[in-house]
There are 2 protein chains.
Amino acid sequence: MHKNRIYNFNAGPAALPETVLEEIRESFLNFDGSGMSITEISHRSKWFDDVINDAVARTKRLLKLDEHFHVLFIQGGASMQFCMIPMNFLADGKSADYVDTGTWSSKAIHEARLQDKPIQVIASSKEENYSCIPENLQFNADARYVHLTSNNTIKGTQWADFPDTGGIPLVSDMSSDIMSRPLDTDKFGFIYAGAQKNIGPAGICMAIIRDDMLENIPDNLPSMLKYTTYTAKNSMYNTPPCFSIYTVQLVLKWLEETIGGLDKMEAINQEKSDILYNFFDSGDFYRGTAKLSDRSKMNVTFRLPDEELEKTFVALAMEEGLGGLKGHRSVGGCRASIYNATTLSAVKALVDFMKTFERQNG
Amino acid sequence: MHKNRIYNFNAGPAALPETVLEEIRESFLNFDGSGMSITEISHRSKWFDDVINDAVARTKRLLKLDEHFHVLFIQGGASMQFCMIPMNFLADGKSADYVDTGTWSSKAIHEARLQDKPIQVIASSKEENYSCIPENLQFNADARYVHLTSNNTIKGTQWADFPDTGGIPLVSDMSSDIMSRPLDTDKFGFIYAGAQKNIGPAGICMAIIRDDMLENIPDNLPSMLKYTTYTAKNSMYNTPPCFSIYTVQLVLKWLEETIGGLDKMEAINQEKSDILYNFFDSGDFYRGTAKLSDRSKMNVTFRLPDEELEKTFVALAMEEGLGGLKGHRSVGGCRASIYNATTLSAVKALVDFMKTFERQNG
């Protein structure tokens, strides 16, 4: 860790690889010899074409996407996708199945219902306070898609495997675990991810769409809300958020060239989360809140013996240079988000701090 | 101009004040003592609250907005506003008047019609190849609003004054001239501006909405497409594009503290555009394309004697460190965009180059 930097456990916006930040800084007043900042170059220039094309190519290589998939960049975050998905895919009156695993799934469901789309919630872990992923799902054979949230940032649960839907395309919000592990993309018709957790800064959402999902999108949707607008124009129908896409490109380059791909990234993420969960399980001062088999490798949620101690823990950690450990405002408790860019050193420093804190307060 | 930087006449994304770029660079790995980059801090933190609140406060001071106006930040650029405006303001079947002054007005009209809204195009300069602003407008008394594009980036025309609508709120796309001059905001119900020309980088649109325009917005619109979502949550219903808003904040600070406000900015912009137009008018090698009274002070469009010369002009200028002088791909010719951040020195350097080029090719 460099001087004046903290260990960043924020849930999003979150830590970025330090080498990426340094590269942005170094070239900030003169991008790629252009004599302009990345924030000043035209999106219709060779410079920016190279940026966005490289980001797309790296995404395809990292996720091993075949030629049926298109990689798009859309503004508005995952929240905009919550409304665009039913608008684009359910225009013909078809229904879709949704799995409810927490706040973000619920918002996706809410936005589909706002549009009077005939969707069905086929499973929910609400009764278990969203501490687990539902099992034994039954799908409606006529569903256009099955929507699920692959990782639940707030409650700290994650789908370890994806269900067999019998051929119905999966549509998944992967905002908080995209590129954290290899993916069997055959099951997916549409994947989307706000960049600000694992692959970049806020202000850009990556969307990956399979050819067949582009059929039946109505022509008369607003241009900016129609996936075909983005596929037709390489995500540049209007001015894209150049800086955000550039940062995503650099993070993907770091994933490929520094980390060595998603198998390697998964192993590192496994090691980081093992360290934390094994530490919890070795005592009873810190308690993990998610069901063991459904624990997230990205967002590690935990409680201390009481709320006062939790407050002290978060405040003292911050003083020691460990930031972002407060749980989501809707649920309280503590949370360490350990996305791709959070280092093994950061996790070890956190465990060291937790041991000391327990000794002094246990 | 610093070493390795060019004079940037891009139409957008465009030049930013060099001191703003330097400030971003200096604090890029440690924003405001947080130990994190601006791209890594939580949007729910005191740090980011200060950024967005300062951006809002500066906007209100610079434009002298009274308490009836709300300043919002929305993703998707002006193009997203083209669909949101009719969606929000014409839900009850009311009509609106649109003035057509070029590509961007036409797109706004197209997006309203896609939604089957009963809008009327009350005037157009299409027959004049959009080289002027229509005069003697007649408004429909029952129009919910009158939409116009205050400055036309592609054709280089600008509304010098805004029409008296007899109380119908003006709705204006000010993407390419917001904050370039003081504004009599009394006439406006809604103002919007993609930031990437005069106030920041791509990826954020500023929207200014008057209280009365918030009435009658239907509750059942998608959350991300409803202005009331943004007013209720200080533009942070979901994760906002933090970096882009931060850059806007710094540009607004530069406008207030370095330039000294919009009267001063207008005087500088007047001087810059006078230099260019007076130079055109003193000879016949370079010909301005817009009607004299409607010439834009932001986008100076011009032609050379023939297209081959124009190509040589643009290429040679680039070699001399003067970038972005090619006209929009839809119309050809040349264009010098001289937004707020384009300096007087840049304009003088351009005129010097033009004189030399004319001597050698005239």
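In what follows, the structure referred to is the one given above.
Heads up: these notes are all about the structure in this document. (Residues numbered from 1 in each chain as written. Chains lettered and ligands numbered in written order. Predicted model: local features only at pLDDT ≥ 70, side-chain atom pairs only at ≥ 80, totals over all residues. Heavy atoms only, no water.)

For the rest of this paragraph, the subject is the side chain of B:Ser235. Within the secondary structure, B:Ser235 is located in the loop between helix H5 (227-232) and helix H6 (242-259). Residues contacting B:Ser235, with those up to four places away along its chain left out, are B:Ile52, B:Val71, B:Leu72, B:Phe73, B:Tyr230 and B:Pro240. (Helix = DSSP H or I, 4+ residues; strand = E, 2+ residues; numbered from the N terminus. Contact = heavy atoms within 4.5 Å.)

So, on to the relation of the copies chain B and chain A. Once turned by 180 degrees and shifted 0.0 Å along the axis, chain B lies on chain A with an RMSD of 0.0 Å. Between the two chains, the operation in question is that of a two-fold axis. When the interface residues of chain B are mapped onto chain A, 100% of them again fall at the interface, so both copies present the same face. (Least-squares fit on C-alpha atoms with pLDDT ≥ 70 in both.)

Let us now look at the pairing of strand S4 (residues 120-124) of chain B. Residues and elements named next belong to chain B. Relative to S4, strand S3 (residues 97-100) runs parallel, the two being bridged by four bridges. The partner of valine 99 across the bridge, within S4, is alanine 123. Viewed along the sheet, the connection from S3 through helix H4 (residues 103-114) into S4 turns out right-handed. (Pairing = 2+ DSSP bridges. Right-handed = clockwise from strand over helix to strand, strands pointing away.)

A few words now on the pairing of strand S14 (residues 334-337) of chain B. Residues in a regular strand project their side chains so that they alternate between the two faces of the sheet. All names here are of chain B. Burial along S14 is two-sided: the residues Cys334 and Ala336 and Arg335 and Ser337 are all buried. One ladder, built from four bridges, connects strand S12 (residues 299-303) with S14; its direction is antiparallel. Paired with threonine 301 across the two strands is arginine 335, which belongs to S14. (Buried < 20%, exposed > 50% of the residue type's maximum accessible area, 1.4 Å probe, protein only.)

Quick look at H6(B) now. Residues and elements named next belong to chain B. Taking 1.5 Å of rise per residue, 18 residues should cover 26 Å, and H6 covers 24 Å from first to last C-alpha, within 8% of that figure. Of all 18 residues that make up H6, 14 are buried, and the element is covered over most of its length. A positive phi of about 100 degrees marks glycine 260, the residue just after H6. (Expected span 1.5 Å × (residues − 1).)

Let us look at the sheet that holds strand S11 (residues 287-288) of chain A. All names here are of chain A. Pairing in this open sheet of three strands is antiparallel, and the strands run S11-S12-S14 from one edge to the other. Across the chains shown, the open sheet's two edge strands, defined by having one partner strand only, are S11 and strand S14 (334-337). Taken strand by strand, helix H7 (residues 262-281) contacts S11, strand S12 (299-303) and S14, and its axis lies near 20 degrees from that of S12. (Axes fitted to C-alpha atoms, helices over the stretch in contact; angles between N-to-C directions.)

The interface of chain B with chain A comprises 59 residues on the first partner and 59 residues on the second. Buried surface at the junction of chain B and chain A, summed over both partners, amounts to about 4,900 Å²; 59% is from carbon and sulfur atoms. If you sort the residues of chain B by the area they bury against chain A, B:Arg25, B:Leu29 and B:Glu40 come out on top, with a joint share of 14%. Here chain B and chain A share two salt bridges between them. The salt bridge involving A:Arg5 is made with B:Glu40; its shortest N-O contact spans 2.7 Å. Run the count over chain B and chain A and you get 22 residue pairs in polar contact (both at pLDDT 80 or more). For the side of chain B that touches chain A, the secondary structure elements donating two or more residues are helix H1 (18-26), helix H3 (77-89), H4 and H6 of chain B. A class-by-class count of the residues in the side of chain B that touches chain A yields 27 nonpolar, 22 polar and 10 charged. (Buried area = accessible area lost by both parts, 1.4 Å probe. Salt bridge = Lys/Arg side-chain N within 4 Å of Asp/Glu carboxyl O. Polar contact = N/O pair within 3.5 Å; in protein donor to acceptor, adjacent residues only side chain to side chain. Nonpolar A, V, L, I, M, F, W, Y, C, P; charged D, E, K, R; others polar.)

Attention shifts here to the packing of H6(B) against helix H7 (residues 262-281) of chain B. All names here are of chain B. Look at H6 against H7: their axes get within 9 Å of each other, and the N-to-C directions meet at 85 degrees. Of the possible angle classes, the one that applies to H6 and H7 is roughly perpendicular. Contacts between H6 and H7 pair Trp254, Leu255 and Ile259 from the former with Leu262, Lys264, Met265 and Ile268 from the latter. The class makeup of the residues in the contact of H6 with H7 is six nonpolar, no polar and one charged. (Parallel < 35°, antiparallel > 145°, perpendicular 65-115°, else oblique.)

A separate point is the sheet that holds S12(B). Residue and element names in this part refer to chain B. Spatially, S11-S12-S14 is the arrangement adopted by the three strands of the open sheet, whose pairing is antiparallel. Two strands close off the open sheet at either side, each with one partner strand: strand S11 (287-288) and S14. Note that S11 and S12 share two bridges and pair antiparallel. Looking at S12, one finds that arginine 287 is bridged to arginine 303. Lying over the sheet, H7 contacts S11, S12 and S14, oriented at roughly 20 degrees with respect to S12.

Formed by 119 residues in total, the largest nonpolar core has its most connected members in A:Phe73, A:Met179, A:Met206, B:Phe73, B:Met179 and B:Met206. Grouped together as the second largest cluster of nonpolar side chains are 65 residues, A:Met80, A:Met87, A:Tyr227 and B:Ile109 included. (Core = buried A, V, L, I, M, F, W, Y, C linked by side-chain atoms within 4.5 Å.)

Turning to the environment of A:Asp50, a few remarks are in order. Residue and element names in this part refer to chain A. Structurally, aspartate 50 is set in helix H2 (residues 46-63). Residue aspartate 50 is classed as partly exposed on the basis of its relative accessible area of 36%. Aspartate 50 sits 22 residues away from phenylalanine 28 along the chain, and the two C-alpha atoms are 17 Å apart.

Turning our attention to the pattern of salt bridges. All names here are of chain A. Counted according to the given criterion, the structure contains 30 salt bridges over all chains. Taking the shortest distance from any N to any O, the salt bridge between arginine 303 and glutamate 310 comes out at 2.7 Å. Given the relative accessible area of 23%, arginine 303 is considered partly exposed. Within this structure, Asp54, Arg58, Arg61, Glu256 and Glu257 form a network of salt bridges that share partners.

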